[in-house]
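For reference, the chains in residue letters:
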Amino acid sequence: MDIWQFNSKSKTERWEILCTTGFLVGEAMELDSSFLLYAVDSFYVELEFSLQDGRAQNINAITDNFLLEKYLRKILLILA
């Protein structure tokens, strides 16, 4: 599966793929949201949770490396 096939699936299908084949590699927080970064096949998937109600808001494969920057600071600290 590639990144575009993943993003074309329903939210339920993306959730199932994430739960069965995803590997957690990072986490970040911003204002009212918590983000988890997963590796799936040869791409990354970001899962966004609302801090207010704990529900998953978005599940999207990341197509822009700029979006990975919020995870890099924590990853680099862990490796140091």
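A short tour of the structure in this document, coming up. (Residues numbered from 1 in each chain as written. Predicted model: local features only at pLDDT ≥ 70, side-chain atom pairs only at ≥ 80, totals over all residues. Heavy atoms only, no water.)

## Notes on the environment of Met-29
You can see Met-29 is positioned in strand E1 (residues 23–30). Taking C-alpha positions, Met-29 is 8.7 Å from Lys-70, a pair spaced 41 residues apart along the chain. Discounting chain neighbours no more than four positions away, the residues touching Met-29 are Ser-34 and Leu-51. (Helix = DSSP H or I, 4+ residues; strand = E, 2+ residues; numbered from the N terminus. Contact = heavy atoms within 4.5 Å.)

## Some details on a nonpolar patch on the surface
Together, Phe-23, Val-25 and Tyr-44 make up a nonpolar patch on the protein surface, roughly 290 Å² of accessible area in all. As for its position among the elements, Phe-23 is in strand E1. Assessed through its relative accessible area of 58%, Phe-23 is described here as exposed. (Patch = residues over 30% accessible without salt bridge, like charges linked within 9 Å, V, L, I, M, F, W, Y side chains within 5 Å. Areas by Shrake-Rupley, 256 points an atom, 1.4 Å probe, with all protein chains shown as cover. Salt bridge = Lys/Arg side-chain N within 4 Å of Asp/Glu carboxyl O. Buried < 20%, exposed > 50% of the residue type's maximum accessible area, 1.4 Å probe, protein only.)

## A few points about unusual backbone geometry
The phi dihedral of Leu-31 falls on the positive side, at around 35 degrees, and the residue is not glycine. Structurally, Leu-31 is set in the loop between E1 and strand E2 (33–40).

## Describing the pairing of strand E4 (residues 56–61)
Pairing between strand E3 (residues 43–50) and E4: five bridges, direction antiparallel. Residue Glu-48 lies in a different strand from E4, and its bridge partner there is Asn-58. A loop of five residues connects E3 with E4, the two strands running antiparallel in sequence, and Gly-54 in this loop sits at a positive phi of about 75 degrees. (Pairing = 2+ DSSP bridges.)

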